[in-house]
Amino acid sequence: MSPSEDSEGTAGVFPGGPELFRLDARVAHLNHGSFGAVPLPVARARRRIADEAAADPDAFFLGAPDRLAAARERIAAHLGAEPEGIALVTNATEAAHLALDALRLAPDDEVLVTDHGYGTVVAAAARRARIVTVPLDPGLPDEEAVREAVLAALTPRTKVALLDRISSPTARIVAGPGLLSELAARGVTTVVDGAHAPGMLADPLAGRPDLWFGNLHKWGYAPPGSAVLAVAPALRDRVPAPVPSWEDHRGFPRSVEYRATADYTGLLAAPEGLDLLAGLGAGAVRAHNSALAAYGAGLLARLPGVTPLPSDARLAMRALRLPERFARTRPEAEALREEIMVRFGCRVLIWPWPGGGGIRVCGQVYNRPDEYERLTRGLRSLLDGH
């Protein structure tokens, strides 16, 4: 099949996909995984909610707790979660802090993380406990190899395992259901960073960890400032409220999601994004996005010195290692990212790694095969020029 063919599972143009977004057509937006993009119908829904707040602030804020609860019910249905077991929060980083606070860690408690973890989430754990980092070779062949590496790093002092469902820079499954089950059997509390799971995976909470958090604004088409924290029953009364509010006496989840006079428009519009995904056909969207990301990664893998990393066919992100002289440090990675944008008009993630970093590309319904071809041509000229 050619890359322009348009059937489920092929790297084509999703019918009506580009028209759903108001993105700059001059730019190849191949980095959906970092910040997402808000579809026009969802943006309109958010504006309508904002207009309500502007027209009658008293009515809006007095009714906000119940409206948040109603939004939570709709979101829970999409995630396969219990409405009373999740709380609406603004982003995954905030959720990570709330989750870790619920565990009441002591400075000498041992928290297991991997070197593929998201920087601010790992930093949140490091503020509270002793971090033990599991080095995962980016080239580990599959999820089973990752599982074995994590389990081998456990010690009798390991209290918590803080793991990614899908690693952000390297785009691979870490906290699979099998690994979570084995950790639980060994008495380790499991905390999962599921930032990329809602919308990308059919069962984002697979394995049902003790604490889980995920963004809705990436693959769930929700506005920025919308995320979810899921908590096992035994820990719900230990999750602290971010700020004191008049909902504190209601306990989790209301005490977590109501912050008095705050901007709730993103959270209240978030169900519209998940509804839109379902209306488009979530399975078809996932198949399209993963095929498109795989197509782009396949093109990049043909470049000299660029090596594809193992991934999962379900994912709409793919990562590749660059030649050794590129992106060895964060400043080098940032400089290369901006050079690719300025010279070729392509948005991608460049991630640093000792000895040589990598590139991550994403697939979304607004993307076209020719955008990955454009990136590949540009990167080839850049690599040749160094």
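Treat the numbers as computed from the prediction; the structure is a model and nothing was measured.

Calculation criteria
- Residues numbered from 1 in each chain as written.
- Predicted model: local features only at pLDDT ≥ 70, side-chain atom pairs only at ≥ 80, totals over all residues.
- Heavy atoms only, no water.
- Buried < 20%, exposed > 50% of the residue type's maximum accessible area, 1.4 Å probe, protein only.
- Helix = DSSP H or I, 4+ residues; strand = E, 2+ residues; numbered from the N terminus.
- Contact = heavy atoms within 4.5 Å.
- Polar contact = N/O pair within 3.5 Å; in protein donor to acceptor, adjacent residues only side chain to side chain.
- Axes fitted to C-alpha atoms, helices over the stretch in contact; angles between N-to-C directions.
- Parallel < 35°, antiparallel > 145°, perpendicular 65-115°, else oblique.
- Left-handed = near helix turned anticlockwise from the far one by under 90°.
- Nonpolar A, V, L, I, M, F, W, Y, C, P; charged D, E, K, R; others polar.
- 1 Å grid on protein atoms, 1.4 Å probe; cavity = no way out; pocket = protein on both sides within 12 Å on 5 of 7 lines; lining within 4 Å.
- Points joined across faces, edges and corners; volume = space filled by probe spheres on them.
- Pairing = 2+ DSSP bridges.

1. Regarding helix α6 (residues 143–152)
The complete set of buried residues in α6 reads A145, V146, R147, V150 and L151. Contact partners of the buried residues in α6: β3 (110–114), β4 (130–134), β5 (158–164) and α7 (177–185). Where α6 starts, the residue carrying a side-chain oxygen 3.2 Å from the main-chain nitrogen of E144 turns out to be D142.

2. Re the packing of helix α3 (residues 57–79) against helix α9 (residues 265–280)
With their axes 8 Å apart at the nearest point, α3 and α9 run at an angle of 25° to one another. Overall, the two elements α3 and α9 adopt an arrangement that is roughly parallel. Helix-helix and strand crossings are classified by hand; for α3 and α9 the assignment is left-handed. Between α3 and α9, the residues in contact are F60, R67, L68, A71, R74, I75 and H78 and L267, L268, A270, P271, E272, L274, D275 and A278, respectively. Here the contact of α3 with α9 is composed, by residue class, of 10 nonpolar, 1 polar and 4 charged.

3. Notes on empty space enclosed by the protein
Within this structure, the stated rule accounts for 2 cavities of 30 Å³ or more. Surrounding the largest cavity, G199, M200, W219, Y221, L277, V285, R286, N289, R314, A316 and Q364 form its lining. For the lining of the largest cavity, the leading source of residues is helix α10 (residues 282–300), giving 3 residues. Partitioning the lining of the largest cavity into residue classes produces 6 nonpolar, 3 polar and 2 charged.

4. Remarks on the sheet that holds strand β7 (residues 211–215)
Spatially, 7 strands are ordered β2-β8-β7-β6-β5-β3-β4 in an open sheet, and the strand pairing comes out mixed. Edge strands, defined here as strands with exactly one partner in the open sheet, are β2 (86–89) and β4. Strand after strand, the sheet turns through a mean of 20° between neighbouring axes, direction not considered. Sheet topology note: the β2/strand β8 (residues 227–231) ladder contains 4 bridges and is antiparallel.

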